[in-house]
Each structure stands twice: as C-alpha cells, then as structure tokens.
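Listed below, chain by chain, are the residues.
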Amino acid sequence: MYRCSSITCYILIPFKEAQVQTAQQTPKHYGITSPISLAQPKEADLVLTRKLTETLRPFGVFEEELELQRRILVLGKLNTLVKVWIREVSEVKNIPASVIDNVGGKIFTFGSYRLGVHTKGADIDALCVVPRHVERSDFFSSFYEKLKEQEEVKDLRAVEEAFVPVIKLSFDGIEIDILFARLALQAIPENLDLRDDGLLKNLDIRCIRSLNGCRVTDEILHLVPNIENFRLTLRAIKMWAKRHNIYSNILGFLGGVSWAMLVARTCQLYPNAVASTLVHKFFLVFSKEWPNPVLLKQPEDCNLNLPVWDPRVTPSDRYHLMPIITPAYPQQNSTYNVSTSTRAIMVEEFKRGLAITDEILQNKADWSKLFEAPNFFQKYKHYIVLLASAQAEKQHLEWVGLVESKIRILVGNLEKNEFITLAHVNPQSFPGPKEGTDKEEFSTMWVIGIVFKKMEGSENLNVDLTFDIQTFTDTVYRQAISSKMFEQDMKITAMHVKRKQLQQLLPKMTIQRNKRKLSSDGVRAMNEGSLDLSVDSDNSMSVPSPTGHSAAKVARHDQLIITLYSLSYSHTSQFSVLTESLRNTSQTMSNLYCFNKISIFSSTTAFNIDKKSYVLQKNSNADLSDVPILPTNPIAVVKNSIKLRLSR
C-alpha cells in the first residue's frame, strides 16, 4: 500500500482514468486461498476495459481533476485546524512545551474517498486522531466551536449520542463527517499506521468503533494485488448495485464496505486480471458462494478480549446469511442486516449480471446493458407503501432516520409470514403525497414489493398482514419514546397497493423513468427462478387513496379481496369526516359483501365503525393490546391493517 508522510498523499492516490495497469510481479497468493487463475490480460480484455471506462463516465463516477484538488485543499485546511486546536487544548491543560511542539494530531480518511472510488459530489468520511490528553468532550466542545468560527463551514451539527459519535459539516461546499479517536499515545506522529493492532490497547469502545472504518479501508487496499484494477472494478460494481436497487446496508442489502470487500476478494482470486475480466468473475464467484463466509485474510487474535465474528464461539453468528468479514481486528460481519429476501434478491441479480457479462465478453452486448435499471415498479404485482410523516422539518428528518433504520424489521416480519415468498424494499425513498390540507406536513415514502406463494388445492386464501405491520410500528414508536425524540405529530402509515395504483403515489418523473418493461430475458429468469410472482390478476379496483383522511375502501375481484385501513385521529370531532367519507363511497361498495367491524384508536378513546350501517359508536371496552405503549398526553396513534384474500 502506498504511504507518504504528507496528508495529500496519504489521503488519496488519484485515479488515472485512461491508465490500465497489470501486475508486474504477483506473489503466490493473496487472501486465504491460492488464486484461481494467474492468466495475464489479452488485448481484447484491455479493449473491453477501455469500453467499460467510457460507459461509466456519463454516470459521474469519475471526478474532475479540479474538484479532486479542491477536496485535497479542504482536507489540508481541516488537518491544519486540528493541529492548531490540539496545541491550544494542550496549553490549557498545562502540557509541557517540549511535548506540545511535537504533539501532532491528524485527519485520516476512510470509505469511498480513501479507496479512491468516490463519485462527483460525494461526501468525505474523516477521522480525527488525537493524543491521550485530548478528550472526547473537548472534541464536541472546543473543536466544535472552532469549526463554527470558520467562514467556510456551514450546516455544522454534532451527533454526540450516536452509536459512532460524529460531527457533520459542509466545508467550502464539501460534506464531511468527522469521527473522533483518542489514542493512548503522548503524541500523534505523521507516519502513524492505523493498521497497528497495538493502538487498540486501553481504548474505549467508541474510539475502537471510530478507528474501525480507517483500519478496514487500509487493510482492503493492502490486500489487493493491483489497486487501479480494483478501483475501476469497484466503481463498476457499485454503480451496478445502485442501479439495481441493492445498495443499502441499513435496509438489508450491502453497503459500500461490503461491496469493496467482495471486489477485493475477486481481485485476490484473479490477481492479474483487468477490470473487464474482474467484473465478469465477480458475478461468477458470488452468484454461488453463499452462505460461505468471505474473508480477505485469516482472522487474527490480538488477545484484547474484543468480540469478533466467530460462529464456533458465538451461536448467533451461525445464522448470518451472507457473511462478509472485515479484515481488521476486531473482525465483524459487515452484512448482519441481510435477510432471506434481500439475499435472494441479490443472488438473483448476481446471476443476471453473470448472464449479461457473458454476452458482453462474447461481443453480443455492450456494457450499457449491465447498467440498465430494472423496473422495480413493474416487477411485482403487490406492494406495501410505508409513509413516515411529521409537521416540522427537523423532526421529520429524525423520524425518517429512525423509521428507515427499522424497515428491515418489517421485511423480516413479512418474509416470516407463511404466505409470503419475498419482500423487496426499494432503497430509494420518495417524497410522500400531499394531503390537500392547509397544515404543512413533511413525509417520506418507501415501497416494498411483495411476492405471495403459489397455493395448491385451495380455492381461497386469507392473508392478514396486520400483525406484521403492527409489530414493526410498535418497535419504532417504543424506540422513539425511549430515546425521547417522539413528537405528537410523528406518524407511520402502511397501505397495500397493486401495481397500477402506484402511479397515484409516486412522483410522475419516477413513473416515466420506470415505464420501460422488463426485458423478456429478465421476465423469463423471474418466472423460471425462485422469485415466482403470485397468480392473481392485476386489474382489481383501486384500493386506498393516498390523499385526505382515507377511511377504508374495499375492493373485490375474482381473485383478490383487500381490506385496508390506515387511520390516525386524535380528536373525536374528526370522525364526522370519516363517516361522511364512508357514506360517499357506499354506492360503489353496495355490491361488495360486508366485512367485520374496524377498530379505530385515539390515545384516549376507542371507537368501532360498523361498515354495514356506517354508524359510529363509542366502545369503551375495545381491545388496545396491540397499540404501542405511549405517553398519557393525547397522541395520534396509527392503526394499520392489511388483509388480503387470494384465490387459487
């Protein structure tokens, strides 16, 4: 791995777009096994690699040299600021002058920027490393104030209570996240190598977590045979994953570091291959690898008694579905969020990628085919739409962050349902629909594709997703309350829609962008593979309206009957709107058979609506056991119920 004492060289080795390197000397093997092939690239491989570079260019994956130099300049200023701040803190704490002169301090980078694969406009992940006499409280007080004094710094905010505490800011227009690590050293030398396991001794767990990003990134660069080939391959794979909606660690897919480790492992297995070959081999290897763990090096025990991924010792590690193990101590599984559904989706995409790259290597297709975005909104017949809303922008951002971090729980609940084969959440969120009221509200929406099992020997099948949804909302509400972030107007709404109803909810640009049908090969692969679609037709009546205070709309088709309600009322006077809505829909519902009563909850009163007579009646004995435990002050509680009846 390239080392340099100056911050400019250490932070980034710029990517030379037109240059394709081949390894001059390849050791016997990288990683935990011998390479699969040591074959040198042929001229055709070099041509395909140049074509791959040109195909990627319009996607903005390569940053211009001027922008790159601007980033280096900003990081240099930040590094100088850290050194000045540490000297000031040292003087306040009466550190001897001889020590202050050499106290040091340094900004390190990690993530996509350190790997050299960041895209235009991407943020920078940074780590502030300080000596032992500088404390975390200093970082979030005096250093925060020093940043506030800088003219170039905007949008400054501290998140001190996060799992990995961070200061976020925009420095001269570049978004930067700064973590903090205090080492047990009197001074921080310029040539400090964070891969040294001895640095972890006597550190608190938060500092170890902060160091982990840099340590993993540096290990990855150290463990690949050819950094430039690795970078171009990783750029291609990351763009492919984003285009195919499988790039999100928080939602149960893979994040940036996991994709980097998979590409690094591919490079280890084919150390002399160039990017065009490596992309193809990536799909070849990982379309059939799982659930075997992916390791870049043999795990090492540093006797620091830190928890590491080890299924022999930790029983829960045995149930990880797609283990990708970080190469730096303490070794962790970077993909613990992966579920049965997300793994099935990713493996299916790997297989599809293999088929496409086979065509590309045979000159039957261009690289552009690999990066064609599949039509998520045409892929499934059933969708769950999840809406998170709040009335203030700041509270909405916090609420959305919490809800998004728990969506994988909802996916897990759905895939455990005996009638569901797969639940696929689109990592991209969308602005929620406006309710048409004068009251300002901020909302964010996620869309989850659902595949129901094909049922044999049954005319009708009743599927109730209410418990799955309610368990998820309970979890979110409880955490919001326990973390003291819950506000009265924070709501979660879930609704079932079929494919044709999505256009009522999604932005027009999204629908237009996704109007292209899946290719016949893609459809055939889905029909022949494990991701079978449910057999009911797609021409049922409209189910829920996304606007206004929608009560319940019932739609019946020969093959599908859906009952949906998604209500949140905190005042009894608002029920007049509900009953009027039901009366207005009575004509269209007259030929539909009646369902049982729906319970609607507020924080103080429970009501029943008899859908046959549309009469509102107070019921003081209603069962509130499935409602989240909330504070005693009036809060709107959302009760989501989704019940489906499928015919064979």
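Residues numbered from 1 in each chain as written. Predicted model: local features only at pLDDT ≥ 70, side-chain atom pairs only at ≥ 80, totals over all residues. Heavy atoms only, no water.

Under an unreviewed UniProt entry, the chain has the name Poly(A) polymerase and belongs to Cyprinus carpio. Heading Catalytic activity (unreviewed entry) of the UniProt record for the chain holds this comment: "RNA(n) + ATP = RNA(n)-3'-adenine ribonucleotide + diphosphate". Taken from UniProt, the Subcellular location (unreviewed entry) comment for the chain reads in full: "Nucleus". (UniProt positions renumbered as here; feature names shortened; annotations may be inferred.)

(A) Structural detail: the confidence of the model for the chain. Looking at the chain as a whole, its pLDDT mean stands at 77, while 72% of the residues score no less than 70. Low pLDDT, under 50, characterises residues 1-26; the stretch is placed with 66 contacts to residues that sit more than four places away or in other chains. (pLDDT = per-residue confidence, 0-100. Contact = heavy atoms within 4.5 Å.)

(B) Here's a closer look at the UniProt feature "binding site: Mg(2+) 1" (unreviewed entry) in the chain. The sites that UniProt annotates as "binding site: Mg(2+) 1" (unreviewed entry) are D123 and D125. Along the chain, D123 falls in the loop between helix 5 (111-115) and strand 2 (124-130). Sequence-distant contacts of D123, that is, excluding residues within four places in its chain, are made with R71, E175 and D177. Mapped onto the fold, D125 is located in strand 2. Those residues in contact with D125, other than ones at most four positions away along the chain, are F108, T109, F110, G111 and D177. (Helix = DSSP H or I, 4+ residues; strand = E, 2+ residues; numbered from the N terminus.)

(C) Examining the pairing of strand 4 (residues 166-171) more closely. Counted residue by residue, strand 4 has five buried out of six residues, so it is predominantly covered. Bridge analysis of strand 3 (residues 153-159) against strand 4 gives five bridges, and the strand direction is antiparallel. Each residue of the ladder has a partner; that of R157, found in strand 4, is K168. If you look at the hairpin formed by strand 3 and strand 4, you'll find six residues sitting between the two strands. Pairing of strand 4 with strand 5 (residues 174-182), which is carried by five bridges, proceeds in the antiparallel orientation. In the sheet register, K168 faces strand 5, and the bridge partner there is D177. The antiparallel hairpin formed by strand 4 and strand 5 contains two residues in its connecting segment, where D172 sits at a positive phi of about 55°. (Buried < 20%, exposed > 50% of the residue type's maximum accessible area, 1.4 Å probe, protein only. Pairing = 2+ DSSP bridges.)

(D) Region of the structure containing the pattern of salt bridges. According to the stated counting rule, one finds 25 salt bridges in the structure shown. Its salt-bridge partner being K93, residue D138 comes within 2.7 Å of it at the nearest N-O pair. With a gap of 45 residues between them, D138 in helix 6 (residues 136-148) and K93 in the loop between helix 3 (65-92) and helix 4 (97-100) connect regions that are remote in the sequence. Measuring nitrogen to oxygen at the nearest pair gives 3.5 Å for the salt bridge that ties E219 to K297. On the criterion of sequence distance, the pair formed by E219 in helix 7 (residues 205-222) and K297 in the loop between strand 6 (294-295) and strand 7 (324-325) is long-range, its members being 78 residues apart. Each member of the pair, E219 as well as K297, carries the same accessibility label: buried. Salt bridges sharing common partners tie together E67, R70 and D172. (Salt bridge = Lys/Arg side-chain N within 4 Å of Asp/Glu carboxyl O.)

(E) Structural detail: the packing of helix 9 (residues 256-269) against helix 10 (residues 275-286). Put simply, helix 9 and helix 10 touch, their axes get as near as 9 Å, and they point 105° apart. Classified by the angle between their axes, helix 9 and helix 10 sit roughly perpendicular to one another. Between helix 9 and helix 10, the residues in contact are W259, L262, V263, R265, T266, C267 and L269 and L278, K281, F282, V285 and F286, respectively. Considering only residue class, the contact of helix 9 with helix 10 consists of nine nonpolar, one polar and two charged. (Axes fitted to C-alpha atoms, helices over the stretch in contact; angles between N-to-C directions. Parallel < 35°, antiparallel > 145°, perpendicular 65-115°, else oblique. Nonpolar A, V, L, I, M, F, W, Y, C, P; charged D, E, K, R; others polar.)

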